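In case you want the letters, here they are:
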Amino acid sequence: MENNNILQNLFLKQFNESNAIAYNKDFVSNPRDYNFQLLDNAYRNAGKIYAQIKIAIETNKCESEHCALELAQIKQLEEAPQASLDFLSSIIAELNVTEESSFDPNNNYQYTVANSLMTAKPGFSKTDGYNAYLNLLPDGSQEIAFTGPLFKKQVNTFLNDKPITIEVEDPLVINSAALQALADSDTSLVVSTPDIGSDMQRLLTEVGLFDLDSIGEDKQLKASAKISEEFIVRNIDGSYDYEIIDLGEGKGKNILKFDLEKIEKKVSPFINAEAAGLMSSEQDVIAAWNVYISKDTSVDEDAQMAQDANAGNTSWIYEIDLPLEYDKKVLFEIKYKQYFMNNYLKQFTTNQPPTIKEDAAVFDLAEAKKAQAQKFLDDNNLN
Amino acid sequence: MVGLGAALIGGGFSIAGGLFGASAAKKQQKEAAKEKRRLQNKLNNLEASRQAIINPYQDLSSMISNPFSNLSVATGAAEMKIEQADIALANTLDTLRTTGASAGGATALAQAALKSKKGVAASIEMQEKQNEDKRAAGEKQKQDALMKEGQRVQQGEAWEFGQREKREMQELDRTAGLLGAAQAAEAQAAADGGSAMAGALGTLGGIAGGLFSK
């Protein structure tokens, strides 16, 4: 069973993408107020305060010795506009992640709501009960707070000795100093899921299974790319050891056999290195796990599945599973390799026709079996 | 988006435009930094786990030896021959003593025995000479083989150095290329963010009636 956070995120995603609001008569017939006026409100009284402090300093009426406190306040106010812009641009950048197609719904859904406010999505206006505030704090930091119908939580309490559940305000508050500290430690508020599809496509060209002429100028595999001859199984006499596919009606055809053990040996160091690269951000590992790796779904499948594109009850939870335990890291590496083998490499080792034209023809199965038996007798001197 | 953003954020179009431009640049900068860290980790792992280069020309000189260096002389048969000569001499002397033969006969016998012993000594000497010849020939072969091996090992070291150099250079080139690109992207994004913000800042300064122009 999926948790409430995932459901909220998936609902918001569907809501924002479905265009359903266009068919809501109430929404269409009424104006919507998106004037949150974050900066205007934050700096409304700043002018007066600045002037008062400035006058106090210039007329020697400071409350602190040598006007130390007042001078510090002036400095803070002068630096505040730049800080506000930095802060807001950082917030917008963080929240924008919630719009990415591979967004992990295990991120706190309140960030998705906050992004809907900041990008003025239908249904998230002041008219709909939402609001946002930017506050300049005495310590020089700033905070942004989001309130509204989806920023509430349920609390269990008692009324006349009877247990009841009530809904209370639960605003999303982000402090600029905290956000900067996260950024300085290469940590995200909202995790952007690594582009596993691109990584795997690139990995295909790096693992040493394909000849150089299979790789195009764009560093991607060409449509005609084939695994190198050295990984194709051959008989002792050098001929290809084909697998015969039964086409029905007594007919069959040859397909190439690949030395999968050799292939795995070859690709493993590269896949391990790729996984190690991802480990540079454990948040990313969890996002990749939740969106792709855990359920072994490919990028294409994920795109088709829309809402089900997540690990569901096998999700790793950011708040609980970070820092990642050793066992989880090992499990991730194993599943990452499987993901690569199953979703990206398998197509090159399955149903590959012979490179020799004559061997690629459809043949009579009974005759082929007879020929195979005779060859066995010949090879083993059993005639 | 910018028009709507102006209402959301306040302060007018230039602030909203600057903010959204700067946020896009920040996101790019962050992604570039993340990519840089990922690549660095990946390369560290590749370097740490790469296979050792096996030198096909590894030094095999310890396996070269002179098979004739410790040849022994087959003295057993010689000793037996001497022993037999001594026994024969003793028996003959006993017979002579019993039959009362002349002293001349005994002398002749002793000389025959001596001759036989000398023959044995000569045989041993010849064996020793042959062995010495073989030992010398073997030593020459060994020295020749050692010299060849030495040359081969030198070739191997050169090959190994070449291989390592080639591979390390490839990796270094790739590292430098990828990390350089990520660093450049990060720097470019930072610059983009800065210029996007420049106009916005001026406008924000005016929100409180030119408050911040000292």
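None of the values given here were measured: they were computed from a predicted structure.

Participant: Just checking my understanding: could you explain the packing of helix α4 (residues 46–58) of chain A against helix α5 (residues 68–96) of chain A for this structure?
Facilitator: All names here are of chain A. The N-to-C vectors of α4 and α5 enclose an angle of 145°; their axes lie 10 Å apart at closest approach. As α4 runs across α5, the sense of the crossing is left-handed. In this structure, α4 contributes Ala46, Tyr50, Ile53, Lys54, Ala56 and Ile57 to the contact, and α5 contributes Glu70, Leu71, Gln73, Ile74 and Leu77. A class-by-class count of the residues in the contact of α4 with α5 yields eight nonpolar, one polar and two charged.

Participant: Help me understand the sheet that holds strand β2 (residues 142–147) of chain A, please; the structure alone is not making it clear to me.
Facilitator: Paired through their backbone hydrogen bonds, the strands of a sheet run either parallel or antiparallel. Residues and elements named next belong to chain A. Taken in spatial order, the three strands line up as β1-β2-β5 in an open sheet, and their pairing is antiparallel. One side of each edge strand has no neighbouring strand; the edge strands of this open sheet are β1 (131–136) and β5 (172–175). Going from strand to strand, the sheet's axes swing by 15° on average, the running direction of each strand aside. The pairing of β1 with β2 spans six bridges and is classified as antiparallel. Each residue of the ladder has a partner; that of Asn131, found in β2, is Thr147. On top of the sheet, helix α6 (residues 109–118) reaches β1, β2 and β5; it is set at about 95° to β2, its chief contact.

Participant: Teacher, can you tell me more about the pairing of strand β7 (residues 251–255) of chain A here?
Facilitator: Note on strand geometry: in a regular strand, side chains alternate between the two faces of the sheet. Residue and element names in this part refer to chain A. The sheet contact formed by strand β6 (residues 243–248) and β7 spans five bridges and is antiparallel. Counted as the bridge partner of Ile244 is Asn254 from β7. Where β6 folds back on β7, the antiparallel hairpin that results is connected by two residues, among which Glu249 adopts a positive phi of roughly 55°.

Participant: I tried to follow the domain arrangement of chain A on my own but got confused; where do I start?
Facilitator: Interfaces are often sized by the amount of accessible area the parts lose when they come together. Residue and element names in this part refer to chain A. The domain boundaries assigned to chain A delineate domain 1 (4–184) and domain 2 (196–250 + 255–349). One C-alpha centre belongs to domain 1, the other to domain 2, and the line joining them spans 42 Å. In this assembly, seven residues from domain 1 lie in contact with eight residues from domain 2. Taken together, the residues of the side of domain 1 that touches domain 2 break down into three nonpolar, three polar and one charged.

Calculation rules
Residues numbered from 1 in each chain as written. Chains lettered and ligands numbered in written order. Predicted model: local features only at pLDDT ≥ 70, side-chain atom pairs only at ≥ 80, totals over all residues. Axes fitted to C-alpha atoms, helices over the stretch in contact; angles between N-to-C directions. Helix = DSSP H or I, 4+ residues; strand = E, 2+ residues; numbered from the N terminus. Left-handed = near helix turned anticlockwise from the far one by under 90°. Contact = placed C-beta atoms within 7 Å. Nonpolar A, V, L, I, M, F, W, Y, C, P; charged D, E, K, R; others polar. Pairing = 2+ DSSP bridges. Domains from an automatic or database assignment.

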